[in-house]
Amino acid sequence: MKTLKRILLSLIALIVVAGAIGWFSLDKETRGLIATFPTNRDLLFWSQKQRDAAFRAMDRISLLAKWHTAQPSAQPRPLPEGKPLKLGLDLDAFMQGQHSAAVIVLQDGEIRLERYGLGFDKDGRWTSFSVAKSFTSTLVGAALKDGLIKSMDDKVSDYLTDMKGSAYDDVTVKQLLTMTSGVKWNEDYGDPSSDVARFNNHVPEPGVDSLVSYMRKLPRAAPAGTHWNYSTGETNLVGLMLMAAIKKPLTEYLQEKIWQPAGMAQQATWLLSKSGKEISGCCLQAAPRDFARMGQFILEGAMVQGQSIVSDGWLKAATSKQADIGQPGRGYGYQWWTYDDGTFAARGIFGQGIFIDPARQLVIAVNADWDKAGAANNPASDAREAFYQAVRKAVDDEAAAR
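Calculation criteria
- Residues numbered from 1 in each chain as written.
- Predicted model: local features only at pLDDT ≥ 70, side-chain atom pairs only at ≥ 80, totals over all residues.
- Heavy atoms only, no water.
- 1 Å grid on protein atoms, 1.4 Å probe; cavity = no way out; pocket = protein on both sides within 12 Å on 5 of 7 lines; lining within 4 Å.
- Points joined across faces, edges and corners; volume = space filled by probe spheres on them.
- Helix = DSSP H or I, 4+ residues; strand = E, 2+ residues; numbered from the N terminus.
- Core = buried A, V, L, I, M, F, W, Y, C linked by side-chain atoms within 4.5 Å.
- Buried < 20%, exposed > 50% of the residue type's maximum accessible area, 1.4 Å probe, protein only.
- Contact = heavy atoms within 4.5 Å.
- Phe/Tyr/Trp six-rings, centres within 6.5 Å; stacked < 30°, edge-to-face > 60°.
- Disulfide = S-S within 2.5 Å.

Draft legend 1. Representation of the layout of surface pockets in the model. Put simply, the second largest pocket is a space of about 520 Å³. If you trace the second largest pocket, you find 25 residues lining it, with W337, R347, G374, A375 and A376 closest to the centre. If you tally residues by element for the lining of the second largest pocket, the top one is helix α14 (residues 379-400), at four residues.

Structure follows, in structure tokens:
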């Protein structure tokens, strides 16, 4: 009996030691995620502490989510250090108010400002949320250039035949990209009954993609092409349409068209839906400098070896106002937020963003974890816009002083 007891105690000790070794062999992001592991699968309703841990580690534990990986370039694009930018605001106070993980400002491809917070650094990956929409849009432009999507006037149901007979049957690729389908959708992040909160948990009919199953049941609210309504579900539908056209996973196309040609330095990951396909309206994880490199790539015309990866005229149309969003001086392009002064941006609900100012050759990439999702009636969103303007003013003041 004593021998058996000693054996059991030894086994317990070995398990404890093995567990400790396993725990400390994990990277800090994974340990942080495990320590605050969300019990609610809907991230819109996680606590800020849970989000702080998860946003840097969404692709660490397959029980939380599965993902595909885009490998970096063998020759990453250099981001040389430029002259430090003197801002007319308190950067520490701004980052504290944003609950910011990263801020990077490029001008002429050089780093003018780089700062990190929340224990995050340049080697980590932060989730993008809806910033991914602008990546997806660019890949649609590439598919048009490749002839895999024939026209912006094609019907969505030409590529997704399960959408035939639904409110999306006669919606065009362009209307889907500009969110002017006229199909009813509720994107209220604070409402557990909204479409954006419910569609991920939808139980589909056998043999039908879960998203398609949900979206094809939505009613029409307005004639197609007449009314703008923000819908993450529609960008996810864009991704399914795109994958049907290119006949490969979205991450593979991202690696082929953007990630490696643009000179990205680190892996990117793209989370998958329950049907095993990339969630194209969300959830691309990348390093802050690579988000900045994406902005620079777009600023320079999405060029690879002197040729744009997108079809002629695509980028100008994509980053110009195509739909009226009811805000003076602003609009919506092909999954890019536009400003009448020629600037444009990718935006994510908890403070992610890529702001591009062609006139000043500026790219601003930010990652954050706001205490409230979305931009509507959100002081953090207003502060982010003010920061963009402060950077532009600093550049103008510097130029005027020369």
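Now that the structure has been shown, the text picks up again.
Draft legend 2. Highlighting the nonpolar core. Counting residues in each nonpolar core, the largest one holds 103 residues, and the members touching the most others are L237, I258 and W314. Leaving out residues up to four positions away in the same chain, W314 has contacts with S137, T138, V140, G141, L144, M152, L177 and Y334. In terms of nonpolar packing, the next biggest core, distinct from the first, is built from 18 residues, L85, L113, L362 and F387 among them.

Draft legend 3. Representation of the packing of aromatic side chains in the model. Using the criterion set out here, one finds 21 aromatic pairs in the structure. An angle of 70° between the planes, with centres 4.9 Å apart, marks the rings of F55 and F129 as edge-to-face. Of this pair, F55 sits in the loop between α3 (48-54) and β1 (67-70) while F129 sits in the loop between β4 (126-127) and α5 (131-145), and the two are 74 residues apart along the sequence. With a relative accessible area of 0%, F55 lands in the buried category.

Draft legend 4. Main features of the state of the cysteines. A full pass over the atoms with the stated rule returns one disulfide. The disulfide that involves C282 links it to C283, with 2.1 Å between the sulfurs. Disulfide C282-C283: the torsion about the S-S bond is 70°, which places it as right-handed. Residue C282 shares its accessibility class with C283, and that shared class is buried.

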